[in-house]
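Architecture and fold: a report
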2 protein chains.
Amino acid sequence: MSDPIRVLQYGLGPIGRAMARHVASRENLVLVGAVEIDPAKVGADLGTVIDLPEPLEIPVSGSLEEALAHASADAVLHTTQSYFPSFSPQILEILDAGLDVVSTSEELSFPWLSHPAEAGAIHAAAVRAGKTVLGTGVNPGFLMDTLPLALTALCQRVDRIEVTREMNASLRRGPFQMKIGSGLTVEAFEERMAQGRMGHVGLPESAGMIFDTLGKTLARFQTTVEPVVAGREIRTDHVTVSPGQVCGLKQIARADSPDGPFLTLTFIAALDHGTNEDTLRITGVPTLEVTLRGTNGDLATIAIAVNALFRVHGARPGLVTMRDLPLVARI
Amino acid sequence: MSDPIRVLQYGLGPIGRAMARHVASRENLVLVGAVEIDPAKVGADLGTVIDLPEPLEIPVSGSLEEALAHASADAVLHTTQSYFPSFSPQILEILDAGLDVVSTSEELSFPWLSHPAEAGAIHAAAVRAGKTVLGTGVNPGFLMDTLPLALTALCQRVDRIEVTREMNASLRRGPFQMKIGSGLTVEAFEERMAQGRMGHVGLPESAGMIFDTLGKTLARFQTTVEPVVAGREIRTDHVTVSPGQVCGLKQIARADSPDGPFLTLTFIAALDHGTNEDTLRITGVPTLEVTLRGTNGDLATIAIAVNALFRVHGARPGLVTMRDLPLVARI
């Protein structure tokens, strides 16, 4: 058995806290510290902040530098922001400190098509540091990219790929219920959409990984988002939605090759949504139809980021994606 | 675009012929020759033997040495025998000739637990040659090992894994219908079983890959095979089965860790079987349920072996398994 990986949790929002708690429970991993900007958490005991039964005698740090003054680490689990301008300086700082990184930042999962310059800068910094960076998660990172690609291994020919993720948001956290627009008027929803502040992040990255891996040219990429409107009152622990108000969203990304439509990614998340499963259809030789149940976004994102650590630590230096690594499993 | 891989097909049975035909149709691959022991095929034009519309002006060779006297090659697609004593000398010969190998030999898919000495010999020969060997296929190679392992990436904890493959054998080739015992009496079936000449090959290999990858100790492995008996007459293009005769088999492998039952692999193949799908259940956090339709054994085995070539060619030298490679996809 190799030495345990010493892990620093960067970001203590709901996902980050649950991830740190999971790290603390795993063999071969040691939680050595955490970084968080929320002043209410900085200085508090990490064990208390992540709801462990006992204190860890490790204070939450306000910066990476401070955290590393307290403890040595091998790798960072990074759960902060979705978009490049926000997370890029953090990733570069982690690499400069000489640590591997697994991040749930959506735009990092496959940045080579949408953000080639920023990806190149992170790759160069990782190579300089001799460390490895991976962006992953359940979506993007698995359901709409790595998994359909893995299934194409069974195909002699692939003509079309369609992935649909349908989620009953009533089963999810309050912040997620708000993020999909629950309780907004349709007008407010459309307004937020127009400001680019609504919708699932990661569909361009999933499409990018699929097209690039299959050697296809992405000729056209189009996303539409529409609100799901409640037909009757819906109450959850977090929000009450009146009939006619928004209770979720339906987002569709269509990506075409020069030959025409090739990929459709559909994301539906709504309160009281009757379907809670993922379906993949790969039309080709043979045609494959796959249905998944149980891929809870929070639980699974925490799992895949932590499981990927074992492949990222010691991998070749650079910015890698899920397709580049040996099989990530719950090792 | 890199240079096309020059491929030699080793074995021209039904799967090998279909595989060679597929290679001839793929970009970035060139079919440069074939080896076959059947004297009826040796010397004949390869294009004719594999049913291409035109001759290839390449004679089928009776030995690897002869094939390589005609043409240079980079890699071999190997489709001959299931068991180590039969295929091992062939793989060693291919490595000595300095070629990469992708083989559908079931026992090669994960030989490290069941055949460590033989696996070690092949690994050493591959390292000496600076070449790479992979055993793969749809099962073993994907459905009951690589895929469930890939899905555990979404799990924080894994308590049990169950995979069931149910096949309507009426949709399959004649040799497959015979292989599962169609048309035998129950007594003849039991007799062949006792001689070890019946049943799906590869369940120990799939179990081995799962246990080894998840870091679990395989404490106990048990397989049972029972005949599926026809309730009424069944006719296919290849066989007629009377009521009371065998129309297929049901094979179950159970693999336990020291803590108790962990893995169950169930393989059901029978004529007119009403279900034609694969189901995976991973009990854990979260619990995942996955259903696959369309994973035709012949089409998919040809696809995955050919698709894997692109990852094997240029990989690190040695005997590798599907879990060691970057994502295999229909690139």
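Look up a bit, the structure's there.
My aim in this report is to walk through the structure given alongside it, one point at a time.

Conventions adopted
All residue numbers here refer to positions counted from 1 along the written sequence of the relevant chain. Chain A is the first chain written and ligand 1 is the first ligand written, with later ones labelled in order. Totals for whole chains, interfaces and linings use all residues, but because this is a predicted model, local features are given only for residues with pLDDT of at least 70 and pairs of side-chain atoms are given and counted only at 80 or more. Computation of side-chain values covers all heavy atoms of the structure but excludes hydrogens and water. Axis lines are fitted to C-alpha atoms, over the contacting stretch for helices. Their N-to-C directions set the angle, which ranges from 0 to 180 degrees. For the purposes of this entry, the term helix denotes a DSSP run of H or I that reaches at least four residues, the term strand denotes a run of E that reaches at least two, and both are numbered from the N terminus. Working rule for angles: under 35 degrees goes down as roughly parallel, over 145 as roughly antiparallel, 65 to 115 as roughly perpendicular, anything else as oblique. Here is the rule for handedness: rotate from the far helix to the near one, and if that takes an anticlockwise turn smaller than a right angle the crossing is left-handed, while a clockwise turn gives right-handed. Throughout, a residue-residue contact means that at least one pair of heavy atoms, one from each residue, lies within 4.5 Å. Note on residue categories: nonpolar means Ala, Val, Leu, Ile, Met, Phe, Trp, Tyr, Cys or Pro, charged means Asp, Glu, Lys or Arg, and polar means any other residue, Gly included. Reported buried area values correspond to the accessible surface (1.4 Å probe) lost by two parts on association, with both partners' losses combined. Salt bridges are identified by distance alone: a Lys or Arg side-chain nitrogen within 4 Å of an Asp or Glu carboxyl oxygen. The copies are overlaid by a least-squares fit using only the C-alpha atoms of residues whose pLDDT is at least 70 in both copies. Exposed residues in this analysis have more than 50% of their type's maximum accessible area, buried residues have under 20%, and partly exposed residues fall in between, with area computed by a 1.4 Å probe over protein chains only. Strands were regarded as paired on the criterion that DSSP finds at least two bridges between them. Grid points spaced at 1 Å and placed over the protein atoms alone form the basis of the search, with a cavity being a set where a 1.4 Å probe fits but cannot get out and a pocket an open set showing protein on both sides within 12 Å along at least five of seven lines. Lining residues have an atom within 4 Å of a point. Grid points are joined across faces, edges and corners, and a volume is the space filled by probe spheres set on the points.

All names here are of chain B. Running from N to C, helix α1 (residues 14–25) and helix α10 (residues 297–312) point in directions that differ by 55°, and their axes come no closer than 10 Å. Classified by the angle between their axes, α1 and α10 sit oblique to one another. When you trace α1 past α10, the crossing you get is right-handed. Between α1 and α10, the residues in contact are Ile15, Ala18, Met19, His22 and Val23 and Asp298, Thr301, Ile302, Ala305 and Val306, respectively. When its residues are assigned to classes, the contact of α1 with α10 shows seven nonpolar, two polar and one charged.

A separate point is the interface of chain B and chain A. Taken together, the contact between chain B and chain A spans 45 residues of the former and 45 residues of the latter. Together chain B and chain A conceal approximately 3600 Å² of surface at their shared face, both sides included; 64% is due to carbon and sulfur atoms. Considering only the side of chain B, the residues that lose the most area to chain A are Leu154(B), Gln156(B) and Leu327(B), jointly responsible for 20% of the buried surface there. For the pair chain B and chain A, the interface holds zero salt bridges. If you list the elements that add at least two residues to the side of chain B that touches chain A, you get α6 (146–151), β6 (157–168), β13 (288–293) and α10 of chain B. Per-element accounting of the side of chain B that touches chain A gives the leading share, seven residues, to α10(B). Of the residues assigned to the side of chain B that touches chain A, the class counts are 27 nonpolar, 10 polar and eight charged.

It is worth spelling out the relation of the copies chain B and chain A at this point. Screw-axis analysis of chain B against chain A gives a translation of 0.0 Å along the axis, an RMSD of 0.0 Å, and a rotation angle of 180°. Both chain copies can therefore be described as sitting about a two-fold axis. Of the residues that chain B buries at the interface, 100% are likewise interface residues in chain A, meaning the two copies contact each other through the same surface.

This brings us to helix α9 (residues 203–213) of chain A. Most of α9(A) sits out of view: nine of its 11 residues are buried. Restricting attention to buried positions, one finds in α9(A) the residues Leu203(A), Glu205(A), Ser206(A), Ala207(A), Gly208(A), Met209(A), Ile210(A), Phe211(A) and Thr213(A). Of the surrounding secondary structure, the elements contacted by the buried residues of α9(A) are α6 (146–152), β6 (157–168), β7 (220–229), β10 (246–257) and β11 (260–270) of chain A together with α10 of chain B.

On to the sheet that holds strand β3 (residues 75–78) of chain A. Residue and element names in this part refer to chain A. Spatially, the six strands line up as an open sheet ordered β2-β1-β3-β4-β5-β14, and their pairing is parallel. Pairing within the sheet leaves two strands with one partner each, and these edge strands are β2 (29–35) and β14 (318–320). In this sheet, adjacent strand axes meet at a mean angle of 20° when their direction is disregarded. Here strand β1 (residues 5–10) pairs with β2 via six bridges, running parallel. Directly across from Ile5, in β2, lies its bridge partner Leu29.

Keep in mind that most residues, glycine aside, have a negative phi and that most peptide bonds are trans. Val285(A) connects to Pro286(A) through a cis peptide bond whose omega is -10°. With respect to the helices, strands and loops of the structure, Pro286(A) is situated in the loop between β12 (277–285) and β13 (288–293). That bond from Asn139(B) to Pro140(B) is cis: its omega, 0°, falls within 30 degrees of zero. Positive phi, close to 60°, is recorded for Glu57(A), a residue that is not glycine. Its place among the elements puts Glu57(A) in the loop between α2 (46–49) and α3 (64–70). A positive phi is found at Asp272(A), a non-glycine position, where the angle reads about 55°. We classify Asp272(A) as partly exposed; its relative accessible area is 38%.

All told, the structure shown has two cavities of 30 Å³ or more when counted by the stated rule. A volume near 240 Å³ is recorded for the largest cavity. Forming the boundary of the largest cavity are 19 residues, of which Ala150(A), Leu327(A), Thr146(B), Ala150(B) and Leu327(B) lie nearest the centre. Among the elements of the structure, α6 of chain A together with α6 of chain B are those that each provide at least two residues to the lining of the largest cavity. Here the lining of the largest cavity gets three residues from one element, more than from any other, and that element is α6(B). Considered class by class, the residues forming the lining of the largest cavity number 17 nonpolar, two polar and no charged. The volume enclosed by the second largest cavity comes to roughly 50 Å³. If you trace the second largest cavity, you find it lined by Phe176(A), Lys179(A), Ile180(A), Gly199(A), His200(A), Leu249(A) and Phe267(A).

Moving on, we come to the environment of Pro89(A). Residue and element names in this part refer to chain A. Within the secondary structure, Pro89 sits in helix α4 (residues 84–96). For Pro89, a relative accessible area of 48% corresponds to the partly exposed category. Taking the C-alpha atoms as reference points, Pro89 and Ile122, separated by 33 residues in sequence, lie 9.3 Å from one another.

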